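Residue-level structural notes
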Amino acid sequence: TLDPVLSVSSENSFESSHIWAPFVLDAPDAAYMFYTGLTAELSQVLCVATSIDPQLKAWKRYKQNPITPPAGFDWHWRNSQGRTRHARDPHVVRVEDHYLLAYTAMHHSGCPAVGGLVSYDLLQWKDIGPILYRPIGPAPWLPESVNIQPLHDGRWVLFPSASPGLSYYISNDPH
């Protein structure tokens, strides 16, 4: 067991209550840790830290955190304080000349979704809206811990760890 490499920061209101769900991407210039920050009013945002330490023990938070705005995007569900409630469980994959970050979200209609962000430098991210949206039906569907992977035939598979069970979605376009 190793000591934590990041912990809650009272200096950052967007991660003052809890941080969790890290995903580490090894890029040519550094390792990038994407994680969820939780505010005191239970609003979730996505953040990033970088490390050039070969042992990955020293991490530096990105000064422009969070990479998702506290009020979310137009399509996000917001809490009573006007902040996004669900933006967690980041997963990043390279797609041709850019990166795609998929994450667990909630649509403003109240339905679960998987959000998408695109970046060319792993620090500046642009919202592309929900990449998977599923209206609430007779069977509950609550995606968690999203994972997106290329298949050998050029298609993409998205695995949202779902409650209950496991599901997957295949697409020609990961976006």
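For the structure itself, consult the block above.
Below: a short report on this structure.

Scoring rules and cut-offs
- Residues numbered from 1 in each chain as written.
- Predicted model: local features only at pLDDT ≥ 70, side-chain atom pairs only at ≥ 80, totals over all residues.
- Heavy atoms only, no water.
- Salt bridge = Lys/Arg side-chain N within 4 Å of Asp/Glu carboxyl O.
- Helix = DSSP H or I, 4+ residues; strand = E, 2+ residues; numbered from the N terminus.
- Buried < 20%, exposed > 50% of the residue type's maximum accessible area, 1.4 Å probe, protein only.
- Pairing = 2+ DSSP bridges.
- Polar contact = N/O pair within 3.5 Å; in protein donor to acceptor, adjacent residues only side chain to side chain.
- Contact = heavy atoms within 4.5 Å.
- Core = buried A, V, L, I, M, F, W, Y, C linked by side-chain atoms within 4.5 Å.
- Axes fitted to C-alpha atoms, helices over the stretch in contact; angles between N-to-C directions.

1. Comments concerning the pattern of salt bridges
For the structure shown, the criterion picks out four salt bridges. We note a salt bridge from Arg61 to Glu15, for which the minimum N-O separation is 2.5 Å. In this pair, Arg61 is assigned in strand 4 (residues 60-61) and Glu15 in the segment before strand 1 (18-26), connecting sequence segments 46 residues apart. Across the pair Arg88 and Asp89 runs a salt bridge whose closest N-O atoms are separated by 3.7 Å. Here Arg88 matches Asp89 in class, with each residue buried. Linked by salt bridges that have partners in common, Arg88, Asp89 and Glu144 make up one network.

2. Topic: the sheet that holds strand 3 (residues 44-51)
Spatial strand order, 1-2-3-4: four strands in an open sheet with antiparallel pairing. For this open sheet the edge positions go to strand 1 and strand 4, each flanked by a neighbour on one side alone. Here seven bridges tie strand 1 to strand 2 (residues 31-38), and the two strands are oriented antiparallel to one another. Counted as the bridge partner of Trp20 is Thr36 from strand 2.

3. What to know about the side chain of Glu15
Residue classification places Glu15 among the buried positions, given a relative accessible area of 0%. Polar side-chain contacts of Glu15 include one of 2.8 Å to the side chain of Tyr35. With near-sequence residues (within four places) excluded, Glu15 lies in contact with Ser7, Val8, Ser9, Tyr35, Gly37, Leu38, Cys47 and Arg61.

4. Some points on the nonpolar core
As a rule of thumb, nonpolar side chains are buried together in soluble globular proteins. If you look at the biggest cluster of nonpolar residues, it comprises 22 residues, and the most contacted ones within it are Phe34, Ile67, Val92, Leu101, Tyr103, Leu122 and Trp125. Mapped onto this core, the elements with two or more residues apiece are strand 1, strand 2, strand 3, strand 5 (87-95), strand 6 (98-106) and strand 7 (112-119). At four residues, the largest contribution of residues to this core is made by strand 6. The residues contacting Val92, other than those within four sequence positions of it, are Phe23, Leu25, Phe34, Tyr99, Leu100, Leu101, Leu122 and Trp125. Among the nonpolar cores identified, the runner-up in size contains 13 residues, and Val93, Ile131, Ile148 and Leu158 belong to it.

5. A closer look at the environment of Gly72
Tracing the backbone through its elements, the reader meets Gly72 in the loop between strand 4 and strand 5. What makes Gly72 buried here is its relative accessible area of 12%. With eleven residues separating them in the primary sequence, Gly72 and Arg83 have C-alpha atoms 6.5 Å apart. With residues up to four places along the chain from it excluded, the contact list for Gly72 reads Arg78 and Thr84.

6. Focus: the pairing of strand 5
Of all nine residues making up strand 5, eight are buried, and the element is well covered by its neighbours. As paired strands, strand 5 and strand 6 are joined by seven bridges and run antiparallel to one another. Directly across from Ala87, in strand 6, lies its bridge partner Ala105. Connecting the antiparallel pair strand 5 and strand 6 is a turn made up of two residues, with Glu96 showing a positive phi of about 55°.

7. Some details on the sheet that holds strand 8 (residues 126-133)
An order of 5-6-7-8 is seen for the four strands of this open sheet, with the pairing classed as antiparallel. The open sheet is flanked by strand 5 and strand 8, the only strands paired with a single partner. Each neighbouring strand pair of the sheet contributes to a mean axis angle of 25°, computed without reference to strand direction.

Purely geometric numbers; function is a separate question.
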